[in-house]
Amino acid sequence: MVFSKTAKISAGFKMALGALAAGLVLRVIVMLFFYDYDTGFYTDGGLTAWLSLLLPGLAAGGAAWLFCRTGQSYGRYVRKKHGLPAILAFLSGFVLLQEAVRQAMDFQSFLKTGLSQYDAAMQPLIFWFFVAASLVFGLVQLVVGAALTTGRNPFRGAPLLYMAGVLWGISYLIVVYVFYAKSSCFVENFFSVVGAAALLVALLYACKLCSGVDDAGAAQRLFVAGGFLLAWEIPYLAANLLTRLLGKSYSGEQPAGYQLSALCAAAFLGVFLWTAYRDSREVWETEPPAEPEAQEPPADPEEA
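Residues numbered from 1 in each chain as written. Predicted model: local features only at pLDDT ≥ 70, side-chain atom pairs only at ≥ 80, totals over all residues. Heavy atoms only, no water.

Details of the overall build of the chain
Here's step 1: The secondary structure content of the chain amounts to eight helices and zero strands.
Here's step 2: Out of the 304 residues in the chain, the part that is buried amounts to 49%.
Here's step 3: Excluding contacts between residues fewer than 6 apart, the proportion of contacts in the chain whose partners are at least 24 apart in sequence is 79%.
Here's step 4: Of the roughly 14,800 Å² of accessible surface on the chain, 66% is carried by carbon and sulfur atoms. (Helix = DSSP H or I, 4+ residues; strand = E, 2+ residues; numbered from the N terminus. Buried < 20%, exposed > 50% of the residue type's maximum accessible area, 1.4 Å probe, protein only. Contact = heavy atoms within 4.5 Å. Areas by Shrake-Rupley, 256 points an atom, 1.4 Å probe, with all protein chains shown as cover.)

Let's talk about the packing of aromatic side chains
Here's step 1: The tally for this structure, following the rule as stated, stands at 31 aromatic pairs.
Here's step 2: For the pair Phe107 and Phe127, a centre-to-centre distance of 5.1 Å together with 25° between the ring planes defines the contact as stacked. On the criterion of sequence distance, the pair formed by Phe107 in helix H3 (residues 84-113) and Phe127 in helix H4 (residues 124-150) is long-range, its members being 20 residues apart. Exposure class is identical for Phe107 and Phe127. Each is buried. (Phe/Tyr/Trp six-rings, centres within 6.5 Å; stacked < 30°, edge-to-face > 60°.)

Looking at the packing of helix H1 (residues 7-33) against helix H7 (residues 215-245)
Here's step 1: Interaxial distance between H1 and H7 falls to 8 Å at its minimum, and their mutual angle equals 25°. Comparing the axis directions of H1 and H7 gives the class roughly parallel. Seen along the crossing, H1 lies across H7 with a hand that is right-handed. Only Phe223, Gly227, Leu230, Ala231, Ile234, Pro235, Tyr236, Ala238, Ala239, Asn240, Leu242 and Thr243 of H7 make contact with H1, whose side of the interface consists of Ile9, Phe13, Ala16, Ala19, Leu20, Gly23, Leu24, Arg27, Val28, Met31 and Leu32.
Here's step 2: Looking at the contact of H1 with H7, its residues break down into 18 nonpolar, four polar and one charged. (Axes fitted to C-alpha atoms, helices over the stretch in contact; angles between N-to-C directions. Parallel < 35°, antiparallel > 145°, perpendicular 65-115°, else oblique. Left-handed = near helix turned anticlockwise from the far one by under 90°. Nonpolar A, V, L, I, M, F, W, Y, C, P; charged D, E, K, R; others polar.)

Here's the deal with the nonpolar core
Here's step 1: Tyr162, Trp168, Tyr172, Leu199, Phe223 and Phe268 are the most contacted members of the largest nonpolar core, which totals 85 residues.
Here's step 2: Within the residue set of this core, elements represented by two or more residues are H1, helix H2 (47-68), H3, H4, helix H5 (163-179), helix H6 (186-211), H7 and helix H8 (256-286).
Here's step 3: Top element by residues in this core is H7. It accounts for 15 residues.
Here's step 4: Those residues in contact with Leu199 that lie beyond four places of it in its chain are Trp168, Tyr172, Leu229, Glu233, Ala262, Ala265, Ala266 and Leu269. (Core = buried A, V, L, I, M, F, W, Y, C linked by side-chain atoms within 4.5 Å.)

Some details on the packing of H6 against H7
Here's step 1: Two elements in contact, H6 and H7, have axes separated by 8 Å at closest approach and are oriented at 155°. The orientation of H6 relative to H7 falls into the category roughly antiparallel. Handedness of the H6/H7 crossing: left-handed.
Here's step 2: Tallied by class, residues from the contact of H6 with H7 come to 19 nonpolar, two polar and five charged.

Considering the pattern of salt bridges
Here's step 1: Summed over all chains, the structure comprises two salt bridges.
Here's step 2: When the shortest N-O distance is used, the salt bridge between Glu188 and Arg27 registers 3.1 Å. On the criterion of sequence distance, the pair formed by Glu188 in helix H6 and Arg27 in helix H1 is long-range, its members being 161 residues apart.
Here's step 3: For Arg27, a relative accessible area of 0% gives the class buried.
Here's step 4: For Arg244, the salt bridge is made with Glu253, and the minimal N-O distance between the two is 3.3 Å. (Salt bridge = Lys/Arg side-chain N within 4 Å of Asp/Glu carboxyl O.)

Some details on the environment of Leu246
Here's step 1: Looking at the element boundaries, Leu246 is found in the loop between H7 and H8.
Here's step 2: Exposure remark for Leu246: the relative accessible area of 53% places this residue in the exposed category.
Here's step 3: Considering only alpha carbons, one finds Leu246 and Leu32, 214 residues apart in sequence, at a separation of 9.5 Å.

Rendered as structure tokens:
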């Protein structure tokens, strides 16, 4: 039997989707049936919480192994126009902009009353870094959405345009680590911090892929980070937002606006990495992997 060059990548995506499905189901079960919102502890000793962490994590680890086992299968990134990624990019941009404006307005109220729904308001430097990053990244997401709709490449003239996403990822990770990783349960802190870190890494390699720098290496690392993004960050945020809709929230939980912004960005990245693979797969199947550039030998000092 002859396997295609990208067969292991396809298998990796299937494992990553399995991690997403398992993570969503288990996190919803934990937050609906085995979490005490008054005390912040698990009612079953943390068994289901650990399962919601380990099982999707193992699946994402398996996907990462498959992605890394196919280093010679990656090639140049082919850009095409798409509907769903464009919609998610627009949605992410609008949510980020709305949240940036909301935070700015809340800070004005905080200066007058001393009360704020955002813990980060107590640290203005961190707070305004996050607000500014949300504003800029929101605008960039709108540009990316328009580009995905028309099929144009906005990174041709501005290859580092998506660096705005990386800066937002850094600011979000700082806010989460400083203000919202204070749960008495290790699993909750792990989900919040490591999930935000996975989002940051995925944004970093999405930026590198879009800029055209080392397409093959950036795609491989984006897929690896994307697997853990699907396994941990998306289920964590989706379950929290679902329970909020049901009227349940816990002390120290991130504001809904933060979580919705991160969820929209993560969902966009999840769909983006799949469409990037689907669009580029034919090229990766037919084109040989790029050869590393040959380096000239150092000059002989005697000849000089």
